[in-house]
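A closer look at the structure
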Amino acid sequence: MNGASDDAEKASQPYEPWLFQTMLDELSVSELGIGFIYSVLDLLVDRYALSDAVVVLVHDSFGAQLFRAGGGAISVEMAARLGTVPGVYCEPDIVPLVERDAMRTACQLALSLHLARFSAAHDPLTNIANRRSFDSALLAATVRSARYGWAFTLVLADLDGFKIVNDTLGHAFGDDLLRQFGLAMRRSVRSGDLAARIGGDEFAVILSNADGHDSSGFTDRLRTHLGPAREHVGFTIGTASSPRDSTDPAELFRIADARLYEKKGMNHR
Amino acid sequence: MMSPTEEDFELELRSLSGVLNVEIRHRDNGDVDAVTLIVTGQDPSAIRVMATQIVNLYYTEASVIVEDASKAISPREIQAVRVALVRTDFNPENGNCEVELSYSGRMGVGRAGSGQLFGGAEATLAALRELGYNIPFYLLTVMSVATVRGWPVIVTLRPFSEGADMFGIAQSDDDVAAAAAATLDALNRFLTKAPSYQ
């Protein structure tokens, strides 16, 4: 019996839960996300010796999404052909429907969970870390600082006059300004640093291996990356370093916040 | 395996309105070299601006390519699913052929005992019927298969009543496979419709 016959025999066999088993195996070594979708597509290609496989998902947040085995590009013709009909499409078309349906459901779940995980950790307006992620990262950084002496600097940034911008130019304009500020922060941090939006117009950055004097580099980059948005809004920062100022996250935050408002020329709230 | 960073990178790109597909190409050293987005229904230039911002956050050296799928042919013009020839078999002891076809994951097996060429064509018709194609038995009155070994197989299907002959041609090292493929080729126009499952 040749290879093609072997594949056909597999395809005509009653459904076996190999797919669920391999998906569980995959789950044990990776988180459920986009990488999982590509992994199970590659598994399908290997199992049935397919030349190609594509899954089409339709998601409330993303709309139609197409994933191709191996992460390959999908031509515009193929995208138009597959359109927005959810399913797993294989070449040759020999995979039992029940397995393709199971795979599509698993991929849909993976995409949803990836989005849920991302949303739980990020601010939806700016896509930088949210308060929860920031608190966790600050706690971890202070623990490392206290235990190993690893220095880091906490930078708090507050937009100047943002309320006036919001009131005079509208909330949509204000939101766009926050997006631009978030984008500038992302562009200004180095790999290993963390930028977060911790309140309405309040942002924070954890600068790894910085001792408090190095934050000027970050603020210079932030001003540069803000670009034209600087015409509408400025910002004030306050910094505190660990372990020099404190190794307690709440105390470190309080010190940075006090320095920020000292610079703003007003009393602490 | 994708890194968590690359997964989040792709998630952010896919979250842009109108993005259908993302391809991330790497250099030999593993760095991201280029990102291709297939988009539809939106302003591609606006998507390019937003995508470039995101790409620059993760991989400053990577280039961004945006292709507009809305300019391609519409989904109605092409059938996404088609009949595929999965397997052919011939038993030299009794002269029986077996042809296995699939359509959208469903399997259809047909058998006939008229030798490799005629049997292959007849088994293909039987497999199509098992798939759910309503091919009336009286539709086909003549099936001629003319070949020299190693040359293409030509199948002629003649309607019982009115209508032109349908011709199909295929070549394969295996005569049964060639006859089956030629039969499918002859019925190509007929097979553009989905079968009606019983």
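The rules we used
Residues numbered from 1 in each chain as written. Chains lettered and ligands numbered in written order. Predicted model: local features only at pLDDT ≥ 70, side-chain atom pairs only at ≥ 80, totals over all residues. Helix = DSSP H or I, 4+ residues; strand = E, 2+ residues; numbered from the N terminus. Buried ≥ 20, exposed ≤ 12 C-beta atoms within 10 Å, placed from the backbone. Axes fitted to C-alpha atoms, helices over the stretch in contact; angles between N-to-C directions. Parallel < 35°, antiparallel > 145°, perpendicular 65-115°, else oblique. Left-handed = near helix turned anticlockwise from the far one by under 90°. Contact = placed C-beta atoms within 7 Å. Nonpolar A, V, L, I, M, F, W, Y, C, P; charged D, E, K, R; others polar.

Helix and strand content of chain B: four helices and nine strands. Secondary structure of chain B in N-to-C order comes out as α-β-β-α-β-β-β-β-α-β-β-β-α. Looking at chain B as a whole, 37% of its 198 residues are labelled buried.

The next point concerns the packing of helix α3 (residues 34-48) of chain A against helix α5 (residues 97-121) of chain A. The geometry of a pair of packed helices is captured by two quantities: the angle between their axes and the separation between those axes. Residues and elements named next belong to chain A. With their axes 8 Å apart at the nearest point, α3 and α5 run at an angle of 160° to one another. Taken together, the axes of α3 and α5 are roughly antiparallel relative to one another. Our pair here, α3 against α5, has a crossing hand that is right-handed. Each of I34, F36, I37, V40 and L44 in α3 lies in contact with α5, whose residues at this interface are M103, A106, C107, A110, L111 and H114. Grouping the constituent residues of the contact of α3 with α5 by class yields 10 nonpolar, one polar and no charged.

So, about the packing of helix α3 (residues 116-131) of chain B against helix α4 (residues 175-186) of chain B. Residues and elements named next belong to chain B. Relative orientation of the contacting elements α3 and α4 amounts to 45°, with a least axis distance of 8 Å. One element, α3, and the other, α4, form an angle in the oblique class. Crossing of α3 against α4: the hand is right-handed. Taking contact as the criterion, the partners of Q116, L117, G120, A121, T124 and L125 in α3 are, on α4, D175, V176, A179, A180, T183 and L184. Of the residues contributing to the contact of α3 with α4, the split by class is seven nonpolar, four polar and one charged.

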